[in-house]
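Residues per chain are reported as follows:
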Amino acid sequence: MMGPTVSACTLGVLHWQPMTDAREHYALRPVRSPQEWRAYHAIRRAAIFAALLPGQTYDDRHPDEHAPDNRPHVLLRDGEVVGTVRIDLIDATQAGLRLIGIRPDLQRQGLGAVLLELAEQAVRGFGRTDVIINAHPTSLAFYLANGYAEGDWPDKGPVPPTLIRVGKRL
Ligand SMILES: CC(C)(COP(=O)(O)OP(=O)(O)OC[C@H]1O[C@@H](n2cnc3c(N)ncnc32)[C@H](O)[C@@H]1OP(=O)(O)O)[C@@H](O)C(=O)NCCC(=O)NCCS
């Protein structure tokens, strides 16, 4: 049976098309327009901060968003922003996927798996081989189902309290 195809094209945009449904068309790429930045922050606010971190205030001007080795990305479905991930280049081999979020009304439909697959392709494109995620406990099963494993994966800092570090060697 044929699986999904992932192909890279020019401009660093990665596309994913399930063979079973050619109408669906996904792309993961860096955030570009003011409209995409608004959607990026809105998804993170709703899916992560409001839902999982009610005591923490979301700062859309946080310096980590603009650090040179940190690359905010959006997942687009037919041109519409449906998910977010920031790809942080930690060192020569490691990349961190930060604040992964799927628009709340679109969760549990397979978009998270598409986002991970495309983010891993992007990590390979950046020349890194290991992916690190500090997972919220409610999403641990999702990462384990997508090939991630708990462990002592190296990151810039210690595992934040209440989170669980998972990783994957590509
Ligand atoms: C976690 C998240 C990114 C997953 O994306 P998604 O599109 O919902 O996930 P998918 O549909 O690709 O995969 C869902 C599958 O993962 C597994 N899974 C287990 N626990 C899960 C959970 N809490 N959330 C999502 N999937 C979970 C299940 O196998 C599930 O399949 P099912 O719906 O048939 O039971 C998304 O739900 C989300 O944004 N959640 C809120 C924010 C968050 O937790 N971010 C991660 C912080 S580290």
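Being a predicted model, the structure only gives us computed values, none of them experimental.

**Remarks on the site of the ligand**
Consideration 1: Inspection of the region around the ligand gives 21 residues, with Gln107, Gly112, Ala113, Ala141 and Phe142 positioned closest.
Consideration 2: Of all elements in the fold, only α1 (34-52), β6 (94-102), α2 (111-125) and α3 (140-145) reach the threshold of two or more residues within the shell around the ligand.
Consideration 3: Looking at which element gives the most residues to the shell around the ligand, the answer is α1, with four residues.
Consideration 4: Of the residues in the shell around the ligand, the class split is 12 nonpolar, eight polar and one charged.

**Let's talk about unusual backbone geometry**
The general pattern is negative phi for most residues beyond glycine and trans for most peptide bonds.
Consideration 1: Not every positive phi belongs to a glycine, and Asp78 is a case in point at roughly 50 degrees.
Consideration 2: Tracing the sequence through the fold places Asp78 in the loop between β4 (70-77) and β5 (80-89).
Consideration 3: Positive phi, close to 50 degrees, is recorded for Leu99, a residue that is not glycine.
Consideration 4: Checked against the element boundaries, Leu99 lands in strand β6.

**Considerations on the environment of Asp130**
Consideration 1: Among the structural elements, Asp130 can be located in strand β7 (residues 130-135).
Consideration 2: Given 17 C-beta atoms within a 10 Å radius, Asp130 is considered partly exposed.
Consideration 3: C-alpha of Asp130 to C-alpha of Ala95: the two residues are 35 residues apart in sequence and 6.2 Å apart in space.
Consideration 4: Discounting residues that sit within four places of it in the chain, Asp130 has contacts with Thr93, Gln94, Trp153, Gly167 and Arg169.

**Digging into the nonpolar core**
Consideration 1: Counting residues in hydrophobic clusters, the biggest one holds 33 residues, and the most contacted among them are Leu75, Leu115, Leu118, Ala119 and Ile133.
Consideration 2: Residue assignment for this core shows that the elements contributing at least two residues are β3 (26-30), α1, β4, β5, β6, α2 and β7.
Consideration 3: Examining the composition of this core, we find that seven residues originate from one element, α2, more than from any other.
Consideration 4: Leaving out residues up to four positions away in the same chain, Leu75 has contacts with Tyr26, Leu28, Val82, Gly83, Leu111, Val114, Leu115 and Leu118.

**Observations concerning the pairing of strand β9 (residues 164-169)**
Consideration 1: Sheet topology places β7 next to β9; six bridges connect them, and they run antiparallel. Following the sheet pairing, Ala135 is matched in β9 by Ile164.
Consideration 2: Here strand β8 (residues 149-150) pairs with β9 via two bridges, running antiparallel. What sits directly across from Glu150, in β9, is Val166.

**Observations concerning the environment of Thr129**
Consideration 1: Here Thr129 is to be found in the loop between α2 and β7.
Consideration 2: A C-alpha to C-alpha distance of 8.7 Å links Thr129 and Ala92, two positions 37 residues apart in sequence.
Consideration 3: Ignoring any residue separated from it by four or fewer positions in sequence, one finds Thr129 in contact with Thr93, Arg169 and Leu170.

So, how was this worked out
Residues numbered from 1 in each chain as written. Predicted model: local features only at pLDDT ≥ 70, side-chain atom pairs only at ≥ 80, totals over all residues. Near = placed C-beta within 6 Å. Helix = DSSP H or I, 4+ residues; strand = E, 2+ residues; numbered from the N terminus. Nonpolar A, V, L, I, M, F, W, Y, C, P; charged D, E, K, R; others polar. Buried ≥ 20, exposed ≤ 12 C-beta atoms within 10 Å, placed from the backbone. Contact = placed C-beta atoms within 7 Å. Core = buried A, V, L, I, M, F, W, Y, C linked by C-beta atoms within 7 Å. Pairing = 2+ DSSP bridges.

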